[in-house]
Amino acid sequence: MAAQSGLSHPALVRGGVSVFPPVPLSAEAAPFTPMEPSGWGPGSQSEAEKLFSNCAIKLRALRADSVQLKEELNLLFDQLLSENYNRTFEPAVNIRPEDVCSLLKHASCLVPLTQEHLVIKLCQVVHHLLNQLKVIMYEHTLDVLVNYTAGALKVCSTWTHTDVLLALSTVVYGNGPQCHQHLSDLLGEEGFLLQYSSPSQSNMELRRVALTCMANICLRIPGQPPLDDQYRSVCFQAFLKTLQSTKPPDTDELFYCMVIQAALKGLQCCLSGGKWKFGGGEELGSVLAALKRLMFQGAPGVIVEWPAVLYPAPLPQYESLSAAKTAESPKSLEPPKDVAVPGKASGSKKRKSKGKGKKTKTEESRGDEREEGDAETVPALLKGRAEEKQPASFLYPSWKLNSSDSEFSDLEGNAQSKLRVNHGRVRQGALHCLLVVVKAVEKRTLYGYWSSFIPDSPIGGSPPLTLVTIILKDLSPKVRLCALQVLSAMLDSSRQFLAVAEDTASPRTSYTPFSFTLATAIRELHRTLSLALLAETSPQTLTQVIKCLAYLVANAPYHRLRPGLLTQLWKQIRPYVRHRDVNVRVSVLTLYGALVTTQAPLPEVQLLLQQPDHSSSMGVFTPQDSGLSWRQRDGVSSPSRTPVKHSQRSSSTHSPHIPHTPGEEDSRRLWLLQLCVTLVTQPREDQSDSEGVGGGAALEPPPVRLEALQVLSHLVRGYFPLTQHYLCEIGQVSARCLGETDTSIQLHGAKLLEEFGSGIIQQYRAENNVPESSRVPISQVVQFWSEVLSGPLNRALQNEQHPTLQASACDTLSSILPQAFAQLPDKTQLMCITVLLGLTYIENYLVKTAAVRALGIYVLFPCLREDVMFVADTANTILAALDDRSTNVRAKAAWSLGNLTDTLIVNMESVGVDFQEELSDMLLLKMLQAATRAAADKDRVKSNAVRALGNLLHFLRQSQMTRPAFQQPLEDAVRALVKTVQSEATMKVRWNACYALGNAFRNPALPLDSAAWSHEAFSALCHVVTSCKNFKVRIKSAAALAVPAHRGCYGDTERFTRVWCSLATALENSEDTNDFLEYRYSASLRHTLSQALLHLLSVSQSQDMLGLGTSLASEEGTGIREHLMKYLRAEEGGGEEAEKDIRGESLHPRERIGSVEQILIRIKGLKVEGEEERGKEMVSHFLEDLIKICEETWENTQTNREVTESKADHV
């Protein structure tokens, strides 16, 4: 006895009488006024509320000992069930949750479990009210109802359990964790739910409701804790067993499909209800195998033996054809007789064009039906693949090959239609589950199963059954949409895995490398998704096809693949820019954004961008041209079949009214850039049907304009040399966007300006070696920023109603080229600085962060860094931001403080003492103390705080260090660095701390020989250089130990010897690591350690000779000699992490040997006595042997080189 599910509309018609009185339609009719309280006025009750209220009053008045209790309860329950409380149909229903809970609690007390008919009706009422009113139950009500339904399952007959479980499933919906005291009765070994959900349960409806109940227990509402892992595991196993079980022989297929749907929903809730770890062994493979089988449930022509478990494998696991039904499968793959096969004329009558007839049931959910002639379009565009040994229908989606004649009678057709719909729901549910699995499983684990779901290029025979099979051949657009979502999720963030793919080399015949297999899979995805793109008619599914292509483009390594894939896609996707559906147009722009972002600048994309307009559009059309060409319909005789000419398209892709930069050539015109400018700035010539009919001046919808601005930003970032010729256009587009009222458009306009400014800055960086002739001229850059700063950007900076826009405008200000900033008018420079300084005092953390960051960039400008007043103002602003409660603000303030202290060092070296004397001592002291406090903050703040400390300790003068006010802060600063070096902070923080100590050691005024903290600093560096797991930190600590220029800085003999021994031990252990990623830095580490050891020898004194001689004469010295020989002969490259020599110069091998000779001469000149004399001789002997071996090797190398060169000249 199921609950009533008919959806009437009691608010509109009751008893055949209209609720609303007739109103004459005329100009003289009285205006509408709300009805009186007795009607539907604002304070009145709806009919549903009145009925519920009356029933609740009568129910509360009933007593358990009433004589007519049964009859009255029956009547009240019937009345409650007869009313429709669905707020979708009657939004005026406003029944309080507490009233519903009170009614249900009281009713459960009145209905004894012995009255089974009343129990069923009460359960129906529970389901009806909770389901339609979406009531959030109180904990006490939940406990009462769960107790009642659990008791009914124990006491009442089995025939009542379906309705009882239905009520229970509604009660526990999203409340699983709150039912913990009842879960043992429901999900224990003898629990009702496990018994009724078992595959051995013959009652399919009971089994379905039990699985639904378990799914609702597992369902997690956002903000609630997940279900206990013990019970989630029980439910998971029950769902999995159901999915793995076959249909019982005497069971109707429709009921079996409904059971599978419930299990799939339960599995989805189970995996989505919190972090889930699949058990060991074959659990994940079993789930994937079951889901893959159900992905093809009811699909025509799919008759295979499905594996019970999928295993990780680099090659596809082909399903084998069922032996019992092998003869039937080829027949099912043949196209119907009345369908036009590619290359053959069709003898059947044509179907009606769209809009001229009713849609068939299979096509009803697909949207617009295309003409029959379109069926020939796809194969015509794919003649190059016609030679593949595939059935004629394989290249064309099977959902386009349906017969127009019904094979069933009306009754049979209705049953078949229901079964087909439920099969589609099973496939859809399986794909939803697979999507959850893909998101829940670690990417590295999932890569092993790719071959089961993503096709390789089929090699003869039938192609494997994969997600692409569903995308191309499934009848339901919803199922195809789900398959595309799963494929998109698998491709998302797969760049690291796909990076191995490569097919540029000639293919091997003996074996196929995995890189080539991956490359073939990428090509097959391109081919099949292109087919889906051409064939798809459902706008929602078409949107997902294009998004899936965007994921593929964003993650595939096209620089390692043969060119051509992106060219074909570029041409194929272009007509869809004019599709009538807004979401399709947005997704096309997203795909273009991915194309210009992936491995930019990519030569193939660069060529595509530079192609003339007609070369990529002439004669290109798709089966959806009738829906695409809504932008230009004039002059097109047959929109569905006639290609759009170049002259017709140019009006919609080029902006005729926007001026171009002088000297620009037509060959440099970028079609994509012009298209985006048009979409952002130009009005539509027409509107799509879905957008209604409006004025001709209406712009594109905001999503299209925003995506076009995103593409412009990507284009500027990745292909700046091509876009720099559009300086005027980009400036005007950005200015127009900043002047609009839509904040999102303003934000993207500011972002576009920032990207363009950053591109100019990159051109002028010395390390990029961009020729002067290829750069944007300074004069144009100055004019560009002058116009921008005098326009709406200034208003955006002062727009306090939109802090995000202010922050973005600050980022834009920070992207001004320093050389151009210096040439801006003084008032413009002053305006930028004043605005940024003022914005740092705004409470919004986004604005404050962006403003502090911009000041941190400005302080590096050559035209500003020597301005003591600006440096002081910036320093005070940064110090205030370092005390902000927002971590983001403090982190960016620390970064800016690091930049400011970098400027102090640059000024100290370029300007000299004059700048140091002009800067306030009190300000320096505040900066030192603030940086010390920040060094104890979170790692994000700490990493730049220690950088600032190193610069400040380097900048301080002797006169400042001797002042009492500086002595304690100086000691605190060094100890903060030492503590950071020894801490368990991130490696970046420790690297910066080691660098900061080395930077501080460069200050000759720092009392390294006498200060108490000096011993702690050297001890920390010695410990890190020998024991830190990160080699980059070791490199930087070794470099810091080699910084002091005088022997006195190393302290007494004991400390000097300890530094030597630490460096020698680190050199000996420079290859000891378990992390392969660290091993790549071992050569750089040995390079730096060798430099440090030679530096210690160069500053050593007579008292150090005994310790050095003992070390070099021992077994340790043998290892040192070998590494020093490699260093002197330059056998190991230093790498990017290696330090240059202590003067910052990179020496030739002969020069390195010469520096060792100088060290030997200096040591021989030392005056020593006693034991030191013996140590001096050992050191001298070591260096002489080292020089002799290196010189012999050098001479032999030179001789061999001369011989080789002479032979080459002779030849």
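Worth saying up front: this structure is predicted, and the values here are computed from it rather than measured.

Visitor: Can you break down the side chain of Asn1030 residue by residue, with the values?
Guide: The topology assignment puts Asn1030 in the loop between α48 (1012-1027) and α49 (1031-1041). A distance of 3.0 Å separates a polar atom in the side chain of Asn1030 from the backbone nitrogen of Lys1032. Contact partners of Asn1030, with chain neighbours within four places excluded, come to Met987 and Glu1078.

Visitor: Describe unusual backbone geometry, with residues and values.
Guide: In this structure, Pro601 follows Ala600 across a cis peptide bond, with omega equal to -5°. Structurally, the position occupied by Pro601 is in the loop between α24 (582-595) and α25 (603-610). Its identity is not glycine, yet Lys134 carries a phi of approximately 50°, on the positive side. Along the chain, Lys134 turns up in the loop between α4 (116-133) and α5 (139-155). The exposed category is assigned to Lys134, whose relative accessible area is 63%. Even without being a glycine, Asn769 presents a positive backbone phi close to 55°. Note that Asn769 resides in the loop between α32 (743-764) and α33 (778-789). For Asn769, a relative accessible area of 63% gives the class exposed.

Visitor: Account for the nonpolar core, naming residues and giving values.
Guide: The nonpolar side chains of a soluble globular protein tend to be buried, and buried together. In terms of nonpolar packing, the biggest core is built from 359 residues, with Leu467, Tyr592, Leu609, Leu672, Tyr858, Leu904 and Leu1063 touching the most fellow members. If you tally residues by element for this core, the top one is helix α11 (residues 253-272), at 11 residues. With near-sequence residues (within four places) excluded, Leu904 lies in contact with Val871, Phe915, Leu919, Leu924, Met927, Leu952 and Phe955.

Visitor: Describe the pattern of salt bridges, and please don't skip the residues or the numbers.
Guide: Counted under the stated rule, the structure contains 30 salt bridges. Taking the shortest distance from any N to any O, the salt bridge between Arg232 and Asp229 comes out at 3.5 Å. Of this pair, Arg232 and Asp229 both sit in helix α10 (residues 229-244), separated by three residues, roughly a single helical turn. The shortest N-O distance in the salt bridge between Asp474 and Arg427 comes to 2.7 Å. In this pair, Asp474 sits in the loop between α18 (467-473) and α19 (477-491) while Arg427 sits in helix α15 (residues 410-440), placing the two residues 47 residues apart along the sequence. What makes Arg427 buried here is its relative accessible area of 6%.

Visitor: Run through the packing of helix α21 (residues 514-535) against helix α23 (residues 565-573), naming residues and quoting values.
Guide: The packing of two helices is summarised by the inter-axis angle and the distance between the axes. Interaxial distance between α21 and α23 falls to 11 Å at its minimum, and their mutual angle equals 10°. Comparing the axis directions of α21 and α23 gives the class roughly parallel. Within the contact between the two elements, α21 uses Ile522, Arg523, His526, Ser530, Leu533 and Leu534 and α23 uses Leu565, Leu569, Gln572 and Ile573. Partitioned by chemical class, the residues of the contact of α21 with α23 number six nonpolar, three polar and one charged.

Visitor: With reference to specific residues and values, describe the side chain of Gln746.
Guide: With respect to the helices and strands, the residue Gln746 is situated in helix α32. Setting aside anything within four residues of it in sequence, one finds Gln746 in contact with Cys737, Leu738, Glu740, Thr741 and Leu805.

Calculation rules
- Residues numbered from 1 in each chain as written.
- Predicted model: local features only at pLDDT ≥ 70, side-chain atom pairs only at ≥ 80, totals over all residues.
- Heavy atoms only, no water.
- Helix = DSSP H or I, 4+ residues; strand = E, 2+ residues; numbered from the N terminus.
- Polar contact = N/O pair within 3.5 Å; in protein donor to acceptor, adjacent residues only side chain to side chain.
- Contact = heavy atoms within 4.5 Å.
- Buried < 20%, exposed > 50% of the residue type's maximum accessible area, 1.4 Å probe, protein only.
- Core = buried A, V, L, I, M, F, W, Y, C linked by side-chain atoms within 4.5 Å.
- Salt bridge = Lys/Arg side-chain N within 4 Å of Asp/Glu carboxyl O.
- Axes fitted to C-alpha atoms, helices over the stretch in contact; angles between N-to-C directions.
- Parallel < 35°, antiparallel > 145°, perpendicular 65-115°, else oblique.
- Nonpolar A, V, L, I, M, F, W, Y, C, P; charged D, E, K, R; others polar.

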